[in-house]
Amino acid sequence: MARCRALFLLGALAFAALVNSAVQSFVGTSGVVSARLRATAAVEADQRQVEVAMRFFGGSVAPTPPPTPKVVEDPNTYIIGISLLMIASVFANTSGFFGPWAK
């Protein structure tokens, strides 16, 4: 019995080490950051300016789109109506309306 527990504990520790290794290789450690991932002054000088990116396709800045129309006129009435429909459906289901297997 003690050997079984020891083997289980050893297996659990090995599994935890495997999961930790997989997570660290996917996410990376918190302290070490590669120099290639950091933006340096040389890399920032090679990047495009904001104005160039905004006017890539030419012309001026696009106008603001119009607001979207309302789906329902009064949302409170819609919510109350759908809630009453749900209550009526549950009552009809308990009465056997939706099939003969209900009773």
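Residues numbered from 1 in each chain as written. Predicted model: local features only at pLDDT ≥ 70, side-chain atom pairs only at ≥ 80, totals over all residues. Heavy atoms only, no water.

## So, the overall build of the chain
Then, number 1: Scanning the chain for helices and strands turns up 4 helices and 0 strands.
Then, number 2: If you list the helices and strands of the chain from N to C, you get α-α-α-α.
Then, number 3: In the chain, which comprises 103 residues, the share counted as buried stands at 2%.
Then, number 4: Put simply, the chain shows about 10,200 Å² of open surface, and 68% of that area lies on carbon and sulfur atoms. (Helix = DSSP H or I, 4+ residues; strand = E, 2+ residues; numbered from the N terminus. Buried < 20%, exposed > 50% of the residue type's maximum accessible area, 1.4 Å probe, protein only. Areas by Shrake-Rupley, 256 points an atom, 1.4 Å probe, with all protein chains shown as cover.)

## Some remarks on the environment of T94
Then, number 1: With respect to the element layout, T94 can be found in helix α4 (residues 75–95).
Then, number 2: For T94, a relative accessible area of 57% gives the class exposed.
Then, number 3: Polar side-chain contacts of T94 include one of 2.8 Å to the backbone oxygen of F91. (Polar contact = N/O pair within 3.5 Å; in protein donor to acceptor, adjacent residues only side chain to side chain.)

## A word on a nonpolar patch on the surface
Then, number 1: Among the surface-exposed residues, I80, L84, M86, I87 and V90 lie close enough to one another that they form a single nonpolar patch of about 500 Å² accessible area.
Then, number 2: Following the sequence through the fold, V90 ends up in helix α4.
Then, number 3: Owing to a relative accessible area of 45%, V90 belongs among the partly exposed residues under this scheme. (Patch = residues over 30% accessible without salt bridge, like charges linked within 9 Å, V, L, I, M, F, W, Y side chains within 5 Å. Salt bridge = Lys/Arg side-chain N within 4 Å of Asp/Glu carboxyl O.)

## Some remarks on the confidence of the model for the chain
Then, number 1: Residues with a pLDDT of 70 or more make up 59% of the chain, whose mean pLDDT is 75.
Then, number 2: Considering each helix and strand of the chain separately, the mean pLDDT is smallest for helix α2 (residues 41–46), with a value of 54, and largest for α4, with 92. (pLDDT = per-residue confidence, 0-100.)

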